[in-house]
Every structure is written in structure tokens, then in C-alpha cells.
Amino acid sequence: MSSLAVRKTAPAASTTPGTAQGPPLGRRIALVPTLTLLLGAIYCLLPVAWVLIAATKSGSELFSTFTFFPGTGFADNVSDLNAYRDGVYWKWMGNSALYAGVGALLSTAVSAVSGYALAIYRFKGRETIFSVLMAGVLMPPVILAIPQYLLMAKADLADTYWSVLLPLVLSPYGVYLSRIYAAAAVPGDVVEAGRMDGASEWRIFTRIALPMMVPGLVTVFLFQFVAVWNNFLLPYIMLSDDEKFPITLGLFTLLEQGSNTPALYTLVITGALLAVIPLIALFLVIQRFWSLDLLSGAVKS
Amino acid sequence: MTSARRRSYGVKGAPYAHPSPTTTLKRARSAPYFFLLPATVLFALFFALPIGYAVWLSLHKVQVNGLGLGSGARREVWAGFENYADALTDSELLDGALRVLGYGAIVVPVMLGLALVFALMLDSDKVKLAPFTRLAIFLPYAIPGVVAALLWGFLYLPDVSPFYFVLEKLGLPQPDLLDGGGLYAALSNIAVWGGTGFNMIVIYTSLQAIPTEVYEAAKLDGATPLQIALRIKIPMVAPSLVLTFFFSIIATLQVFSEPTTLKPLTNSVSTTWSPLMKVYRDAFGEGDIYSAAAGAVIIAVATLVLSFGFLRAANSRNKRDDSQGAVR
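What counts and how
- Residues numbered from 1 in each chain as written.
- Chains lettered and ligands numbered in written order.
- Predicted model: local features only at pLDDT ≥ 70, side-chain atom pairs only at ≥ 80, totals over all residues.
- Heavy atoms only, no water.
- UniProt positions renumbered as here; feature names shortened; annotations may be inferred.
- Helix = DSSP H or I, 4+ residues; strand = E, 2+ residues; numbered from the N terminus.
- Buried < 20%, exposed > 50% of the residue type's maximum accessible area, 1.4 Å probe, protein only.
- Areas by Shrake-Rupley, 256 points an atom, 1.4 Å probe, with all protein chains shown as cover.
- Contact = heavy atoms within 4.5 Å.
- Salt bridge = Lys/Arg side-chain N within 4 Å of Asp/Glu carboxyl O.
- Core = buried A, V, L, I, M, F, W, Y, C linked by side-chain atoms within 4.5 Å.
- Axes fitted to C-alpha atoms, helices over the stretch in contact; angles between N-to-C directions.
- Parallel < 35°, antiparallel > 145°, perpendicular 65-115°, else oblique.
- Nonpolar A, V, L, I, M, F, W, Y, C, P; charged D, E, K, R; others polar.
- Phe/Tyr/Trp six-rings, centres within 6.5 Å; stacked < 30°, edge-to-face > 60°.
- Buried area = accessible area lost by both parts, 1.4 Å probe.
- Polar contact = N/O pair within 3.5 Å; in protein donor to acceptor, adjacent residues only side chain to side chain.

By the naming in an unreviewed UniProt entry, chain B goes by ABC transporter permease and is assigned to Streptomyces graminofaciens. UniProt, in the comment section headed Subcellular location (unreviewed entry), describes chain B in these words: "Cell membrane". Under the UniProt heading Sequence similarities (unreviewed entry), the entry covering chain B gives this text: "Belongs to the binding-protein-dependent transport system permease family."

By the naming in an unreviewed UniProt entry, chain A goes by Sugar ABC transporter permease and is assigned to Streptomyces graminofaciens. According to its UniProt record, chain A has this under Sequence similarities (unreviewed entry): "Belongs to the binding-protein-dependent transport system permease family." Quoted verbatim from the Subcellular location (unreviewed entry) heading of the UniProt record, the comment on chain A is "Cell membrane".

Participant: Residues and numbers for the overall build of chain B, please.
Facilitator: When you go through chain B residue by residue, the secondary structure sums to 15 helices and two strands. Going through the 328 residues of chain B one by one, you find that 51% of them count as buried. Carbon and sulfur atoms make up 64% of the accessible area of chain B, which totals about 15,700 Å².

Participant: Go over the overall build of chain A, please, and point to the residues and values.
Facilitator: A tally of helices and strands in chain A yields 16 helices and zero strands. Expressed as a percentage of the 301 residues in chain A, the buried residues total 53%. Sequence separation of at least 24 residues holds for 74% of the intrachain contacts in chain A that already meet a minimum separation of 6. Of the roughly 13,000 Å² of accessible surface on chain A, a fraction of 66% belongs to carbon and sulfur atoms.

Participant: Could you give me a rundown of the pattern of salt bridges, with the residues and numbers involved?
Facilitator: Residues and elements named next belong to chain B. Tallied over the entire structure, the rule returns 15 salt bridges over all chains. In this structure, Arg 281 engages Glu 92 in a salt bridge whose closest nitrogen and oxygen atoms are separated by 3.1 Å. Within this pair, whereas Arg 281 is found in helix 14 (residues 275-285), its partner Glu 92 is found in helix 5 (residues 91-123), the two being separated by 189 residues in sequence. Overall, the relative accessible area of 18% leaves Arg 281 in the buried class. Glu 92 sits in the partly exposed class, given a relative accessible area of 29%. In the salt-bridge network here, residues are joined through shared partners; they are Asp 90, Glu 92, Lys 278, Arg 281, Asp 282 and Glu 286.

Participant: Account for unusual backbone geometry, with residues named and values stated.
Facilitator: Residue and element names in this part refer to chain A. The phi angle at Asp 86 is positive, at roughly 55 degrees, despite the residue not being glycine. Here Asp 86 is to be found in the loop between helix 6 (74-83) and helix 7 (88-120). Within the chain, Asp 159 stands out as a residue other than glycine whose phi angle is a positive 60 degrees. Take Asp 159: it is sitting in the loop between helix 9 (141-154) and helix 10 (161-165).

Participant: Describe the UniProt feature "domain: ABC transmembrane type-1" (unreviewed entry) in chain B, naming the residues involved and giving the relevant values.
Facilitator: When the UniProt feature table is mapped onto this chain numbering, "domain: ABC transmembrane type-1" (unreviewed entry) sits at residues 97-310 of chain B. For the annotated span residues 97-310 of chain B, helix accounts for 75% and strand for 0% of the residues, and the straight-line distance between the end C-alpha atoms is 18 Å.

Participant: Outline the UniProt feature "transmembrane region" (unreviewed entry) in chain B, listing residues and values.
Facilitator: UniProt records the feature "transmembrane region" (unreviewed entry) for residues 33-56, 100-123, 135-157, 183-204, 236-256 and 289-311 of chain B in the present numbering. For residues 236-256 of chain B, the helix share is 81%, the strand share is 0%, and the end-to-end C-alpha distance is 34 Å.

Participant: Outline the nonpolar core, listing residues and values.
Facilitator: Counting residues in each nonpolar core, the largest one holds 190 residues, and the members touching the most others are Tyr 89, Tyr 116 and Leu 170 of chain A together with Phe 154 and Trp 273 of chain B. The element best represented in this core is helix 7 of chain A, accounting for 15 residues. Leaving out residues up to four positions away in the same chain, Tyr 89 of chain A has contacts with Leu 81, Ile 247, Leu 251, Gly 271, Leu 274 and Ala 275 of chain A. Counting residues in each nonpolar core, the second largest holds six residues, with Phe 246, Ile 250, Leu 311 and Ala 314 of chain B among its members.

Participant: Could you give me a rundown of the packing of helix 7 (residues 145-156) of chain B against helix 8 (residues 162-170) of chain B, with the residues and numbers involved?
Facilitator: Residue and element names in this part refer to chain B. Between helix 7 and helix 8, the least distance of the axes is 6 Å, while the angle of their chain directions is 20 degrees. One way to sum up the angle between helix 7 and helix 8 is to call them roughly parallel. Between helix 7 and helix 8, the residues in contact are Trp 152, Leu 155 and Tyr 156 and Pro 162, Phe 163 and Tyr 164, respectively. Split into classes, the residues belonging to the contact of helix 7 with helix 8 amount to six nonpolar, no polar and no charged.

Participant: Any chance you could break down the packing of aromatic side chains for me, citing the residues and the numbers?
Facilitator: For the structure on display, the rule yields 40 aromatic pairs over all chains. Taking the centre distance of 5.1 Å and the plane angle of 90 degrees together, the rings of Tyr 89 of chain A and Trp 90 of chain A count as edge-to-face. Residue classification places Tyr 89 of chain A among the buried residues on the basis of a relative accessible area of 0%. Aromatic side chains Tyr 173 of chain A and Tyr 176 of chain A sit 6.0 Å apart centroid to centroid with 25 degrees between the ring planes, which places their arrangement in the stacked category. Residue Tyr 173 of chain A and its partner Tyr 176 of chain A are both found in helix 11 (residues 172-185); the two are separated by three residues, about one turn of the helix. Each member of the aromatic cluster is reached from another via a ring pair, and the members are Tyr 149, Phe 232, Tyr 236 and Phe 252 of chain A together with Phe 256, Tyr 280 and Phe 284 of chain B.

Participant: Residue-level account of the side chain of Gln 148 of chain A, with values.
Facilitator: With respect to the element layout, Gln 148 of chain A can be found in helix 9. According to the relative accessible area criterion, Gln 148 of chain A is buried, its value standing at 5%. In this structure Gln 148 of chain A touches Pro 167, Leu 234 and Met 238 of chain A together with Phe 46 and Pro 50 of chain B, once residues within four positions along its chain are discounted.

Participant: Pulling in residues and values, what's your account of the interface of chain A and chain B?
Facilitator: Taken together, the contacts link 110 residues of chain A with 99 residues of chain B. Together chain A and chain B conceal approximately 9,800 Å² of surface at their shared face, both sides included; 81% is due to carbon and sulfur atoms. Scanning the region where chain A abuts chain B turns up zero salt bridges. Joining chain A to chain B, the criterion identifies eight residue pairs in polar contact (both at pLDDT 80 or more). Here the side of chain A that touches chain B takes 15 residues from helix 4 (residues 31-54) of chain A, the largest share from any one element. By residue class, the composition of the side of chain A that touches chain B is 81 nonpolar, 19 polar and ten charged.

Listed below in C-alpha cells is the structure:
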């Protein structure tokens, strides 16, 4: 955590310029915001810190030693997890990576073309198409998931990778964000110039517009990646073969069994720790490519 | 405007190898429809069709002839609003709805209140560690609801929880977080923990978009940061507050994975704790997809009515100063 703090304080100087007057009074007041934010950070990091420590404890230590006191069983826990049903845990992780990676990639591609079309062209039915797509945001996943399952079953696709992948490719929020980015990042003049040079509309999109939209599309990709990785309801409904489970569903079934056999608690805890590491790592590594601000659809012009 | 300009080129006759302007124009006219083809097809297959099918199912039921064996013994017949009438008088669904409303009444104000406070703090002058705390508070967004519920679930278990340890050392009473009223607090906490950071970022972004000149004058007049926050900043980010409120209501009414995950740890989360859990049980536990479809449609309509009702109320209030309009 400390290395993170150090790395993140460097750009702070440029983003929060102090006011020139800077009376000592102001310095005293800044204490309140800083402390409040620190409390918030502690609250948010607490369960992560707990799982980090709990994963080091052996089954007996978990219930006998003080919560925040590290144990001695981490290596055993990991090897137990590896051994559990021939390493099905890693299968779940791989499945999650597959669902989230491929799903987010396809989703970003669809969002990019749709957002671009909605932002750049003036055509009949533009607002209608946009509104209808946006209405998808409001549809509760449950009203979709159950009939989606029944339809998938009719098409013989239930309990396949496709059943979890396909329904998530169209992301109304992704289309919305892409439209905003395209409108802000791709000047109409440039598109017009491309036409003058005789480029096809598709070529204008792939060669000119797409590179301009990349920073926004990275955000769309990550947003969708997190959304698919965290998804529970859809795989819970679609899948019955646990070889195809994503990690969320896998951990859930592990916990369900663990409630009868507390010996599995350590497996669940270690599994939870290893499951959050990739996403936290992803967050930290790609932060600089990912503008958090873009997530809310705000684009500075 | 652009087409007019290009047409004038056409009249002059382009002397070089440019393609005829009218063909480009025609291509430009059909291009957006090609670009929107994948989204439209996916929408039809995975949104429109399932919704239509759910509505169709909700209006039907199965009629069993004789023992229900053999082909043709089970027929789908028109049920009209029977499933809806059953669902709306079903005490399990209504109890679930009340539980979720109570849960939402805690989650939404606490989560958005915290998100607003943190966003304002991040936006204030001379705050230390801002990038680190911003990332830390946003971090739970990356953690799946199931894993969040799992982590907090263990923190609620008296045998492993540090809170109980501290309370015990201090000789204080230890609340039961997995039962009765404590369960609401426990579930709300998971949602607040997971959602505050995302909402904070949305609000913080719109705070950053306010030009400093707007409150520079107030600052010179000696307004305190608190006054500036209350009188200037909060009114100016009202549109993004409306947006976060809107999404929070939708997410809250559909709570599913957190109570489902806590279920193995306690006996007080029933299979019908939230309306969505009941719909799931109807469909897959009891195999009654018709009732489940009616339940799902009711939840969807309730969500839309509640969220749009709120949106309308908020918009009519903010109409005058809502010039940027985060919500369109």
C-alpha cells in the first residue's frame, strides 16, 4: 500500500494547485478533508487487508488467533486450493478471464461502431435508435436473464460458454459512453476531409476516427471487463456444469459447501484473495491509460 | 450544411479523381445503418426478444391433463392477468418488496451522502493524499459483489471478526449482524462499501468541471469552504446527483448476489429475501416460469415507475439551472 501512496502522490502536485494566498488557517482546515478521506480509505481497504491476513491462517488459527495477526498456513492453503478437485479453481479463473476478456473486447467493438455512428451522422431514426438502446440500461437483469435462459435452452445453447458471453456483448452504457467520446474526439471536419479524399466511410472510421477514440474506448473496455468479471446472476442462471463457472460462481458454490464443512472456509478465503488480486493489479497497472473521469461520461473539450 | 457545400462542388464538376459527390453522399447516408447493424441485431436477440417472451410467458400458464404424463398432457394456455393477480397478492413477494425498500432507504442516502462528502473533500484545497484515498475508496468497485459479500460475511461472523474481538475487550454488547435488524445493517454496509467509490467518481468529475472562477468571488468575500460547498458546489453538481440516485435506485431494487451469498452463513436470509430471489426460486426452484415471468415484469415496471418518477420530480425542480444536463 505504501508504494502505491508514493507513486500516486507525485502527480498530486500538478492536479491540486494550492491557492496563492494560502493562510495558515487554510492549512488547518485541510486537515478535516484529509482525515475524512483517510477514514474512507481505511473503511474501503479493511476487508481487503483482512482477507490478505486471513488467507495466511490455517484452519485452526482462523478461529483461535486475533483477526489481524498473520498465521502460518498460507502455503498450505494455496496448495489445498490447487488440489481442490484437480485445480478446478484455476479453471474458474481462466473462465472469468475468458468471459471478461472476450466479452469486453466484443462489447467495446460494438459500442465503438454504434457510438461513432450515433455521434457523427445525422440520419433518420437516430434519436429513436439511441433511446431504444438506452432503455436497455433500465431493464432489470432478471427480466432479461430468465427468458434469455429459456431462449438459450431452446437454441441448445444453455450451459455453454456462449450463453454467458453473448447476452453481455451489447452494453447500452458502453454505447452511451462511446457516443460521447466520438462526439468530443472526432471533429466533423476530419471526417469530411476523409470523404473529400475519397476514403470509404468504413475506412474513415477505422483509419481516422478509431485512433482518436482509443482513450475513451479503453475506458469502455475496462468498464465492461469489470462488469462481466463481477457478474453473478447471468452465469448463476445459465450454467450448471461447474467446469464452465466463472470465479464468482465458483467461490459461491465453495462457500455453500463450506457452510457444512468449516474446513473449506480457509479455501474460500484463500480463493477470495486470489480472485481479487488480478482485478486490483489490473486497476493499478492500467490506471494511467484509464481516466477515471471518463467513466462518468465527462469529456473535457 | 455539409451536404449543401458538397453539392456545390458537384455543380462545378470536380476536376480530379474524386469520386462523384453524390455517390459519397449516398454511401454516407446508408453508412450509419451499417454501423448500427450489430447493435440492432444484438438488441433484438438479447433484449427485445427476451422481454417479449417474458411478457408472453407471464400471460400464460400450464394446464395439466390427467396425470400430466405423455406428450400433449401439459399444454400452455392463456392465463390473462391471473399470474399477476397471484403475484400481487403473494405475501412472499410483498414481504420481499418491503424488505428491499427498507434496505434501499438505508443504502441510497448513506451511499450517496458518503459519495458526496468524499467528492467534496477530494475537491477541496490542500487536501493531502487525495490520489491515494481516491483510488482506495474506488477500489471496492473492482471487487465482485459475491466476493464483497463473502469478505464482509466473514467479518460479521463473531468467531473471526475483529469487531467482535474489540467489542468483547471493551466489554460492550455484541450485536448480531446476521439476524433480525442487524441483517439490514450488514447487507446495507456491503452495498455502501461497494458503491460509494463509483458514485464518488461521478460526482467528483462534475465538481472538477466547475470553473474555479465560479466560486473565486465567494472565496474573496470570505465564504467558508462549507458555505461554498453548500451554496455553490452542491447545487452545481445536482445533475450528477440525480444520475447517481437514478442508478442507485435501479441497482437497489434488484439486489440479488449479496443476500444470496450471505445465505450460507446465516439462517435468517430466506430464499425469498428479495423479490428477485423469489423470482429466481419460482423459475428454477419450483419450475414455475410463468409466475416467475410475471414477478420479473412487476419488478421491472416498479423499477421504471420509481426511477422515472424520481427523475421527473428531480428534473422539474432543477429545470431552471440545469443547463449542462448530465441526464438527457
